[in-house]
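Remarks on the overall topology
The chain contents come next:
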Amino acid sequence: MAAVAEAAEAGAPGNPMRRLLAAAVVLTVFATPAGAAYDDLPEYDGEGFVALYDHAVANTLPHLAYLDERPHVTRDPELDDRIWELALERGYRLRPVATGELASVGGVRMQAPVAEAWRALQAEIRADGHGFTVTSAYRSPDSQRTNFLSRLRGSSDEAIDEALRWYSIPGTSKHHSGYALDFRYPNGTFGQFRASPGHAWMSEGNFARPKRHGFVPSYPDDVENQGPNPEPWEYVWVGRELIVCGVPQEVGPVFGPAAALTRDLARCPGGQEPVTVPDWLAP
Ligand SMILES: [Zn+2]
């Protein structure tokens, strides 16, 4: 830090503008928030975080597949049509489901690279004196159905929409992938996580700590029409390399591969076989 100031000072003998610039350099260095001191990772807004995950499941994350047919929600096909319609209107999307073996951390099942990243992040969480942990990761379409139905209080549009504020329907949960994690304090509710020191710790410096391990917010506060209400307790793993590289600003097709990455293409993740939209959901 002193070296920066001296170097700037040395190049600015007697020139007021240069002295001003030198002062600005020193101020900038001192004004860097603690969270940003971790890494020089790019900052993202909510739409950017969402785009990272959409790009990741379409292009870079292994062991995923889309369901062959629409999973049922209720036993009433007409009611299911309406539920699917309202879910998609709210911004829910068809999400891929984990294939193959899952790892287990403390009895919670998740994809292997997520388990490795979570163990490393968890060590930092504990070292800094926080007690929150992961309570849910992979969730099958069947267990998602159980969750949704536990919240459904009738068949009116209002009742359906009320349930959709909290729970996705089977086939549309990011938890199906095994790449999503829910954080919670052992004695707290999900809703309480937002006001907790754990959330402040995670979100500091544009989510610098989770980003360093490849995690980004799943349903950020500043995104409209993303399905559920914002969920500050849910994170998705996209891998640090993708966070470093970024994705295009316009991720047009929901299920298609992104056209190009914003940085050095050759060094960025991607290039897997593009996923195809299942026939049963294609327009
Ligand atoms: Zn969740």
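As shown above, the structure is provided for reference.
Model, not experiment: these values are computed from the prediction.

1. Some points on the coordination of the zinc ion
Looking at the zinc ion, one finds its protein donor set to be H175 (NE2), D182 (OD), D182 (OD) and E234 (OE), positioned 2.0 to 2.6 Å from the metal centre. Considering all four donor atoms around the zinc ion, the spread of angles at the metal, 55 to 160°, places the coordination shape in the irregular class. Mapped onto the sequence, the donors of the zinc ion take the spacing H-x6-D-x51-E. Note that H175 is positioned in the loop between α7 (157–164) and β6 (180–184) and E234 in strand β8 (residues 231–237), a separation of 59 residues in sequence.

2. Things to note about α7
Taken as a whole, α7 has its buried residues at A159, I160, A163 and L164. For α7, the angular spread of buried residues about the axis comes to 135°, placing them on one side. Elements that come into contact with the buried residues of α7 comprise α4 (77–89) and α6 (141–151).

3. Re the nonpolar core
Counting 41 residues, the largest nonpolar core has L52, M110, W118, L181, F183 and F215 as its most contacted members. The contacts of L181, once residues within four sequence positions are left out, are M110, V114, W118, V134, S136, A137, H175, F215, W233, E234 and Y235. In terms of nonpolar packing, the next biggest core, distinct from the first, is built from 15 residues, L79, A87, A163 and I169 among them.

4. A look at the packing of aromatic side chains
One pair of aromatic rings is described through two measures. These are the centre distance and the angle between the planes. On inspection of all chains with the given rule, the structure shows 13 aromatic pairs. A ring pair is formed by Y185 and F193, whose centres lie 6.2 Å apart and whose planes are at 40°; its orientation type is tilted. If you follow K174 out to its NZ or CZ, it ends over the ring of Y219, 4.1 Å from the centre. In this structure, R184 is placed above the aromatic ring of F190, and the distance from its NZ or CZ to the ring centre is 4.3 Å.

What counts as what
Residues numbered from 1 in each chain as written. Predicted model: local features only at pLDDT ≥ 70, side-chain atom pairs only at ≥ 80, totals over all residues. Heavy atoms only, no water. Donors = N, O, S within 2.8 Å, 3.2 Å for Na, K, Ca; no water. Tetrahedral: all angles 85-135°; square planar, octahedral: opposite > 155°, others 65-115°. Helix = DSSP H or I, 4+ residues; strand = E, 2+ residues; numbered from the N terminus. Buried < 20%, exposed > 50% of the residue type's maximum accessible area, 1.4 Å probe, protein only. Arc of directions from axis to C-beta. Contact = heavy atoms within 4.5 Å. Core = buried A, V, L, I, M, F, W, Y, C linked by side-chain atoms within 4.5 Å. Phe/Tyr/Trp six-rings, centres within 6.5 Å; stacked < 30°, edge-to-face > 60°. Lys NZ or Arg CZ within 6 Å of the ring centre and 35° of its normal.

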